[in-house]
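# A closer look at the structure
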Amino acid sequence: MAKIIVVTSGKGGVGKTTTSAAMGTGLALNGFKTVVIDFDVGLRNLDLIMGCERRVVYDFVNVIKQEANLSQALIKDKHTDNLFVLPASQTRDKDALTKEGVGAVLEELSETFDYIVCDSPAGIEKGAQMALYYADIAIVTTNPEVSSVRDSDRILGILQSKSRRAENGDEPVVEHLLLNRYNPERVDAGEMLSVEDVEEILAIPLLGVIPEDEAVLKASNSGTPIILDKESHAGQACADAVQRLLGKELEHRFLHAQKKGFFQRLLGGK
């Protein structure tokens, strides 16, 4: 049976879809057959981030409504073996996602996949609740700012009360914190929450800290998951996060501002 991972947050624009693409790619690179599902019906973006937008014929809603089968709707990733994408519909609304329909699709996927990564829409409306309902593992994605962290705290409450595991009285969803767009220089200047601040507020284990990195935007625009850019700090941090998800203990990198050398300070360089 597959493990179902939801990448979620309360606030939009914190990097859930880039995280979903990176985590799915990382799991596939480690030899696990993985599918990433876009739950953001009406506003799909996962196919763009993963560079397969021109190959979308059928989507998640088509499969739920039995207008297509999974083999017709799944798109094989062009970068990574063992990786598939199930895109969202752009023309339906979120009411097309039903608990029974989503559950049936996940059950069928579980027969052949090791990991199912659910890319949740932001907030607490129906699409987001459908994405997290069946989760075994949650990657709560946030930025180091007060409003983003507060909204993530609310998502934790929903995971602990409205997931299938909570309803059935099973072991709780395993929660992880992923902190995106972290800039230690801005932390030192008091413009951004520190890792310790966020950990204290949310009180869940830290899976990864992804530094603010221009390479993320470039990767997204080119339809390539950032984890494939092994030279970028963000790509390296995503790869570390995948290893921690798989149980490996690694120190966190990119948490502290780099000290400038004499000539950098003299010339005002970064």
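As a starting point, this report considers the structure included with it. (Residues numbered from 1 in each chain as written. Predicted model: local features only at pLDDT ≥ 70, side-chain atom pairs only at ≥ 80, totals over all residues. Heavy atoms only, no water.)

### Some words on helix α7 (residues 146-162)
A turn of α-helix holds 3.6 residues, and therefore any two residues three or four places apart point the same way. Here is the rule: Secondary structure follows DSSP: runs of H or I at least 4 residues long count as helices, runs of E at least 2 residues long count as strands, and numbering of each begins at the N terminus. The span expected for a helix works out to 1.5 Å for each residue beyond the first. Accessible area is worked out with a 1.4 Å probe on protein chains only. A residue is then buried under 20% of its type maximum, exposed over 50%, and partly exposed in between. In this description, the arc belongs to the directions extending from the helix axis to the C-beta atoms.
Under the 1.5 Å per step criterion, the end-to-end length of α7 is 24 Å for 17 residues, consistent within 8% with the ideal 24 Å. Along α7, the positions that sit buried rather than exposed are S148, V149, S152, I155, L156, I158 and L159. The arc enclosing the buried residues of α7, seen along the axis, measures out at 160°, which places them on a common side. Turned more than 90 degrees away from the buried face of α7 sit V146, R150, R154 and Q160, all of them exposed.

### Brief notes about the pairing of strand β5 (residues 115-119)
As a reminder, the rule being used: Strand pairing is assigned whenever DSSP identifies at least 2 bridges connecting the two strands.
Of all five residues making up β5, five are buried, and the element is well covered by its neighbours. Judged by which residues are buried, β5 turns out to be covered on both faces: Y115, V117 and D119 on one side and I116 and C118 on the other are all buried. Judged from the five bridges that link them, strand β1 (residues 3-8) and β5 form a sheet pairing that is parallel. Within the sheet, the bridge partner assigned to K3 lies in β5 and is Y115. Relative to β5, strand β2 (residues 34-38) is paired through five bridges, and the arrangement is parallel. In the strand pairing of β5, V35 is matched with I116.

### Things to note about the pairing of strand β7 (residues 174-182)
With respect to burial, β7 is a largely interior element, seven of its nine residues being buried. Bridge count for strand β6 (residues 137-142) against β7 is six bridges, and the pairing is parallel. Bridging across to β7, V140 finds its partner in L177.

### What to know about helix α11 (residues 214-221)
To keep things clear, this is the line we draw: Pairs of N or O atoms are called polar contacts if they sit within 3.5 Å, as long as, within protein, a hydrogen donor faces a hydrogen acceptor (for residues adjacent in sequence, only side-chain-to-side-chain pairs).
Buried within α11 are the following residues: A215, A219 and S220. Seen along its axis, α11 keeps its buried residues to an arc of 135°; they face one direction. Relative to its buried face, α11 has exposed residues pointing more than 90 degrees away, namely E214, L217, K218 and N221. The N-capping residue of α11, defined by a side-chain oxygen 2.9 Å from the backbone nitrogen of A215, is D213.

### Describing the environment of R44
Following the sequence through the fold, R44 ends up in the loop between β2 and α2 (46-49). In this structure the side chain of R44 is engaged in a polar contact, spanning 3.3 Å, whose partner is the side chain of D47.

### Structural notes on unusual backbone geometry
Positive phi is not limited to glycine here, since R181 has a value of about 60°. Relative to the helices and strands, R181 resides in strand β7. For A203, which is not glycine, the phi dihedral falls at a positive 55°. Among the secondary structure elements, A203 is positioned in the loop between α10 (195-202) and β8 (206-211).

### Here we look at empty space enclosed by the protein
Put simply, the rule is: Space inside and on the surface of the protein is sampled on a 1 Å grid over the protein atoms alone, with a cavity defined as a set of points where a 1.4 Å probe fits but cannot get out and a pocket as an open set with protein on both sides within 12 Å along at least 5 of 7 lines; lining residues have an atom within 4 Å of a point. Grid points are joined across faces, edges and corners, and a volume is the space filled by probe spheres set on the points. Under the scheme applied here, ten amino acids are nonpolar (Ala, Val, Leu, Ile, Met, Phe, Trp, Tyr, Cys and Pro), four are charged (Asp, Glu, Lys and Arg), and all others, including Gly, are polar.
Using the criterion set out here, one finds one cavity of 30 Å³ or more in the structure. Taken as a whole, the largest cavity spans an internal volume of roughly 40 Å³. Residue lining of the largest cavity: G208, V209, A237, D240, R244, H252, R253 and F254, and that is the complete set. The element contributing the most residues to the lining of the largest cavity is helix α12 (residues 233-245), with three residues. Here the residues of the lining of the largest cavity sort into three nonpolar, two polar and three charged.

### Digging into the layout of surface pockets
Approximately 510 Å³ is the volume attributed to the second largest pocket. Taken together, 29 residues make up the lining of the second largest pocket; nearest its centre are V14, G15, K16, T18 and R181. Every element with two or more residues in the lining of the second largest pocket is listed here: α1 (16-29), β7, β8 and α11. Here the lining of the second largest pocket takes five residues from α11, the largest share from any one element.

### As for the pattern of salt bridges
Quick reminder of the rule: Criterion for a salt bridge: a side-chain nitrogen of Lys or Arg within 4 Å of a carboxyl oxygen of Asp or Glu.
Enumeration according to the criterion identifies six salt bridges in this entry. Here D47 and R44 are joined by a salt bridge, their closest N and O atoms 3.3 Å apart. By relative accessible area, which is 4% here, D47 ends up buried. R165 is paired through a salt bridge with D136; the nearest N and O atoms lie 2.9 Å apart. Of the two residues, R165 is situated in helix α8 (residues 164-168) and D136 in the loop between α6 (126-133) and β6; the sequence distance between them amounts to 29 residues. Accessibility expressed as a relative area gives 22% for R165, which makes it partly exposed.

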